[in-house]
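Survey of secondary and tertiary structure
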2 protein chains.
Amino acid sequence: MRMSARPQNVHQARLLRLLRDEGPRSRAELGDVVRLSRSKLAVELDRLVELGLVEGAGLAASRGGRRSGIVRLSPRLRFVAFDIGATSIDVAVTDGAMEVLGHVSEECDVRQGATVVLDRALDLLGKLRDEGLIGQVHGTGIGVPGPVSFRDGMPVVPPIMPGWDRFPVRDAIGQELGCPVLVDNDVNLMALGELHAGLARAVDDFLLVKIGTGIGCGIVVDGAIYRGVSGSAGDIGHIRVDDDGPICACGNAGCLEAYFGGAALARDAEAAARSGRSPQLAALLETHGQLSAVHVGEAAAAGDPVAVQIIREGGRHVGQVLAGLVSFFNPGLVIIAGGVAGLGHALLAEIRSVVYRRSAPLATGNLPIVLSELAGAAGVVGGARLISDHVFSAS
Amino acid sequence: MRMSARPQNVHQARLLRLLRDEGPRSRAELGDVVRLSRSKLAVELDRLVELGLVEGAGLAASRGGRRSGIVRLSPRLRFVAFDIGATSIDVAVTDGAMEVLGHVSEECDVRQGATVVLDRALDLLGKLRDEGLIGQVHGTGIGVPGPVSFRDGMPVVPPIMPGWDRFPVRDAIGQELGCPVLVDNDVNLMALGELHAGLARAVDDFLLVKIGTGIGCGIVVDGAIYRGVSGSAGDIGHIRVDDDGPICACGNAGCLEAYFGGAALARDAEAAARSGRSPQLAALLETHGQLSAVHVGEAAAAGDPVAVQIIREGGRHVGQVLAGLVSFFNPGLVIIAGGVAGLGHALLAEIRSVVYRRSAPLATGNLPIVLSELAGAAGVVGGARLISDHVFSAS
DNA sequence: CGGCTTTGTCCTCTGAGTGGAAGAAGTTCG
DNA sequence: CGAACTTCTTCCACTCAGAGGACAAAGCCG
């Protein structure tokens with residue numbers, strides 16, 4: 001088998017993506033979908049089988065005559081995804097159809113620097129390899145929590161990743177694993193994950209807003225990630241909400257993140273706990289020594305009115321920014337994701353209320369705003385999808 | 001000659017666009033640019049000549065051997081553009097290369113309704129026809145000041161165009177002129193105009209902000225207009241600047257348009273005139289009975305500090321919104337256009353100052369913010385470009 | 001078991017496109 | 001002025017991808 005099997009033309013690439021996205025198909029059904037003569041289709045499928053990318057899988061039920069042969073992606077196809085977060089690493093292995101076969105995760109501070117963190121990630125991949133899940137790796141997608149030069153495959157001046165600036169992540173990992181590698185912003189990967197496996201499957205243009213340590217936005221235009229001219233598109237954390245708001249780490253006042261980023265949420269929760277306004281938050285602070293978004297969610301779920309209030313306020317500010325972006329971008333769907341998606345429907349309700357009130361009516365006429373249903377998987381599925389789009393394209 | 005000559009394949013379409021955008025070329029130079037064998041190129045060019053779309057134009061200078069034949073778009077090609085504004089109609093005729101051969105314009109209130117306004121537009125076209133500028137019309141592009149369903153070729157619930165909702169503009173004009181017609185938002189056409197003839201020629205992703213009666217934004221992604229899922233993308237006039245700002249016509253408070261639309265500017269100017277703070281504006285109000293953006297510009301140019309202050313304030317608010325959009329969209333260029341572009345560099349300086357201060361550094365690192373240089377021509381050039389992109393594409 | 005339907009393979013035909021050869025048209029230099 | 005060299009264009013034979021028909025294989029139904 002060739003080292004790095006890739007489709008040889010657009011037809012083969014199309015067939016691979018079809019099998020990835022729609023699952024195994026009979027040759028006859030494929031013939032109905034793609035615009036190719038039967039002879040041509042047979043030739044291309046045979047070549048894909050020769051390349052080891054596709055294989056036969058028995059016969060389909062009869063449609064009234066001879067039974068058609070089913071083809072599927074080779075079950076030996078493997079994609080790897082690294083999702084590097086601000087405080088965590090997720091590593092997953094998928095098959096050719098982006099089904100997650102193994103997923104490990106650990107706490108890890110991205111500020112330890114590129115070599116340390118990437119070594120940890122490779123160690124985690126080693127664990128999965130030990131489980132016998134991986135043979136040949138056909139491609140790897142990597143997400144990092146900061147702006148990326150997609151073309152160069154490296155972070156550029158990332159604010160929360162000291163030591164990563166212009167570190168050649170793509171080439172280093174490519175060298176290590178001997179497979180194609182692509183690097184992108186983690187929020188973009190989540191958007192791709194939603195596009196592949198989530199609610200965005202049927203939508204061409206949508207936004208994914210991730211609220212976690214930072215606040216970012218994945219932008220999908222016509223089924224593809226839009227990255228902007230320098231790869232920083234979607235960097236909405238420092239959009240101005242108000243001139244006289246809290247001072248942000250970036251130096252300006254009233255940034256969205258200063259209102260509702262991870263640090264802001266912890267700050268507000270601890271203030272509420274210390275001031276005695278919220279006994280529940282005070283108890284949680286007592287227990288854990290510090291508070292985070294998770295604790296606010298717990299308190300809110302337990303009925304603490306101050307916690308609910310904090311979430312409402314945050315939702316309102318996110319909504320104010322999002323309303324502007326919806327008017328501007330006119331998306332077909334907005335997905336709210338990230339740690340705070342667990343804050344649930346109080347948050348969502350507030351965001352919806354502001355957006356539906358403040359955006360252009362034509363833009364909100366048929367605009368669902370939903371919470372992500374993929375939880376932690378969006379990032380790694382997106383990573384696999386990113387690289388599979390690349391591998392499943394004509395060289 | 002056939003009724004409606006169109007290229008027959010992608011190669012012909014490519015050649016036509018090349019001749020449109022780069023001007024006449026020798027056959028040899030075309031051979032260097034396009035990836036076609038000499039024989040193939042000759043065949044396609046011959047077919048284009050047969051179709052009447054292209055013609056020979058003498059011989060080029062020698063490059064050291066036999067002189068090559070120059071080809072150019074047929075000088076008989078004609079595109080028509082209607083730019084319907086809130087208070088004006090512009091009609092222009094261009095040749096195949098988007099050179100404006102004739103341009104007439106008149107005051108006209110769009111609120112008179114679709115049939116009245118379009119009849120006026122056709123009358124204006126009649127004037128140009130009387131000048132002998134027009135033979136066969138190969139296509140028509142129409143811009144209207146409101147949201148458009150591009151697919152259906154009609155306005156949809158346009159706020160400032162009563163009586164136009166779902167009026168089949170494309171089909172009506174197509175019937176009348178017997179040529180392909182496309183309808184789009186007027187701001188989108190201005191963006192296309194800049195893309196063709198303005199500063200945006202070398203940029204793939206950019207924003208055009210038009211400040212006039214309303215405030216809108218044309219979005220270009222990868223060299224093509226982005227319209228959003230319901231055609232209302234770029235509708236930034238009602239993005240929130242502040243919760244406790246002036247009440248807007250839309251019912252919300254603190255919209256951008258309530259700060260710096262045509263009406264807001266007139267309101268502020270008249271207030272300054274009446275309060276006696278600005279003798280110059282008071283004099284202008286005395287003379288004209290009412291004030292508009294133009295008068296503020298005049299007063300500012302004459303050194304009136306209050307007028308300059310009004311422009312500064314407006315620029316600041318535009319900058320605040322634009323800063324958010326720049327962080328989100330990460331464009332390669334921002335163009336400021338519309339009536340107030342005449343307000344000149346005081347406005348631009350203020351916008352720049354706010355954007356460069358408040359946007360993500362990576363997004364502003366190499367971001368020119370400029371005034372449009374096309375003045376009134378952007379809309380009509382964009383209209384011609386819109387339809388020529390359509391006509392110069394493989395059927 | 002025979003007629004009918006669907007599927008897969010084989011084979012021929014067509015048309016698009018390539019690249020070489022040769023002629024046409026210019027330039028340069030002795 | 002003519003010979004040698006360049007560049008441009010046309011002509012022509014050749015290649016190859018892809019289409020579509022014919023036919024065999026494999027199934028269903030009565």
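Just so you know, these numbers come straight off a predicted model, no measurement behind them.

**Things to note about the overall build of chain A**
Looking only at helices and strands, chain A features 14 helices and 15 strands. A compact globule built from 395 residues should have a C-alpha radius of gyration of about 21 Å, and chain A, at 23 Å, falls within 12% of that. Viewed in the frame of its principal axes, chain A has a C-alpha envelope of about 75 × 50 × 40 Å. Residues classed as buried in chain A amount to 52% of the 395 residues present. Of the contacts formed within chain A by residues at least 6 apart in sequence, a portion of 61% connects residues at least 24 apart.

**A short note on the sheet that holds strand 10 (residues 181-185) of chain A**
Residue and element names in this part refer to chain A. The five strands are arranged 6-5-4-7-10 in an open sheet whose pairing can be described as mixed. The open sheet has two free edges, formed respectively by strand 6 (100-107) and strand 10, since each of these has just one partner strand. The average undirected angle you get between the axes of adjacent strands in this sheet is 15°. Pairing geometry for strand 7 (residues 139-144) and strand 10, over five bridges, is parallel.

**Topic: the sheet that holds strand 15 (residues 369-371) of chain B**
Residue and element names in this part refer to chain B. The strand order 13-12-11-14-15 describes an open sheet built from five strands, whose pairing is mixed. Strand pairing shows two members of the sheet lacking a second neighbour, strand 13 (224-225) and strand 15, which therefore form its edges. Alignment of strand 11 (residues 206-211) against strand 14 (residues 334-337), held across four bridges, turns out to be parallel. When the bridges of strand 14 are listed, V209 appears paired with I336. Taken strand by strand, helix 6 (residues 186-197) contacts strand 11, strand 12 (215-221), strand 13 and strand 14, and its axis lies near 50° from that of strand 12. Running over the sheet, helix 11 (residues 305-329) touches strand 11 and strand 14 and is turned about 160° from strand 11.

**Section: the interface of chain B and chain A**
Each partner contributes residues to the interface: chain B has 34 residues there, and chain A has 34 residues. Looking at the side of chain B that touches chain A element by element, the count peaks at seven residues for helix 11 of chain B. The residue makeup of the side of chain B that touches chain A, split by class, is 18 nonpolar, 12 polar and four charged.

**A word on the packing of helix 8 (residues 262-274) of chain B against helix 9 (residues 279-288) of chain B**
Residue and element names in this part refer to chain B. It is the contact of helix 8 with helix 9, at a shortest axis distance of 7 Å, that shows an interaxial angle of 105°. Relative to helix 9, helix 8 is oriented roughly perpendicular. Along the contact surface, helix 8 presents A269, E270, A272 and A273, while helix 9 presents L281, A282 and L285. Of the residues assigned to the contact of helix 8 with helix 9, the class counts are six nonpolar, no polar and one charged.

**What about the relation of the copies chain B and chain A?**
In screw terms, the move from chain B to chain A is a rotation of 180° and a rise of 0.1 Å along the axis, fitting with an RMSD of 0.1 Å. Such a combination of turn and shift is consistent with a two-fold rotation axis. In this assembly the copies share their binding face: 100% of the residues contributing to the interface of chain B also contribute to that of chain A.

**Concerning the protein's contact with DNA strand D**
The environment of DNA strand D is made up of 21 residues, and the closest members are S37(A), S39(A), R66(A), G65(B) and R66(B). Where the surface near DNA strand D is concerned, the elements lending two or more residues are helix 3 (38-50) of chain A together with helix 2 (27-33) and helix 3 (38-50) of chain B. If one sorts the elements of the surface near DNA strand D by residue count, helix 3 of chain B sits on top with three residues. Here the surface near DNA strand D is composed, by residue class, of four nonpolar, 10 polar and seven charged.

**A few points about the environment of I239(B)**
Tracing the backbone through its elements, the reader meets I239(B) in the loop between strand 13 and helix 7 (256-260). Separated by 54 residues in sequence, I239(B) and N185(B) place their C-alpha atoms 18 Å apart. Not counting residues up to four positions away in its chain, the partners in contact with I239(B) are G324(A), S327(A), C255(B), L256(B) and V321(B).

**Describing the protein's contact with DNA strand C**
Residues in close proximity to DNA strand C total 20 residues, the closest being G65(A), R66(A), S37(B), S39(B) and R66(B). Mapped onto the surface near DNA strand C, the elements with two or more residues apiece are helix 2 (27-33) and helix 3 of chain A together with helix 3 of chain B. With three residues, the top contributor of residues to the surface near DNA strand C is helix 3 of chain A. By residue class, the composition of the surface near DNA strand C is three nonpolar, 10 polar and seven charged.

**Focus: the packing of helix 8 (residues 262-274) of chain A against helix 11 (residues 305-329) of chain A**
Residue and element names in this part refer to chain A. Where helix 8 contacts helix 11, the axes come no closer than 11 Å and their chain directions differ by 150°. Taken together, the axis directions place helix 8 and helix 11 in an arrangement best described as roughly antiparallel. In the packing of helix 8 onto helix 11, the handedness of the crossing is right-handed. On helix 11, the residues that touch L265, D268, A269 and A272 of helix 8 are V306, I310 and G314. Of the residues that constitute the contact of helix 8 with helix 11, the class distribution is five nonpolar, one polar and one charged.

**Some details on the environment of G315(B)**
All names here are of chain B. In this fold, G315 is placed in helix 11. Linking G315 and D204, residues 111 residues apart in sequence, is a C-alpha distance of 26 Å. Excluding residues that lie within four positions of it along the chain, G315 makes contacts with L347, E350 and I351.

Definitions and limits used
- Residues numbered from 1 in each chain as written.
- Chains lettered and ligands numbered in written order.
- Predicted model: local features only at pLDDT ≥ 70, side-chain atom pairs only at ≥ 80, totals over all residues.
- Helix = DSSP H or I, 4+ residues; strand = E, 2+ residues; numbered from the N terminus.
- Rg over C-alpha atoms; globule rule 2.2 N^0.38 Å.
- Buried ≥ 20, exposed ≤ 12 C-beta atoms within 10 Å, placed from the backbone.
- Contact = placed C-beta atoms within 7 Å.
- Pairing = 2+ DSSP bridges.
- Axes fitted to C-alpha atoms, helices over the stretch in contact; angles between N-to-C directions.
- Nonpolar A, V, L, I, M, F, W, Y, C, P; charged D, E, K, R; others polar.
- Parallel < 35°, antiparallel > 145°, perpendicular 65-115°, else oblique.
- Least-squares fit on C-alpha atoms with pLDDT ≥ 70 in both.
- Near = placed C-beta within 6 Å.
- Left-handed = near helix turned anticlockwise from the far one by under 90°.

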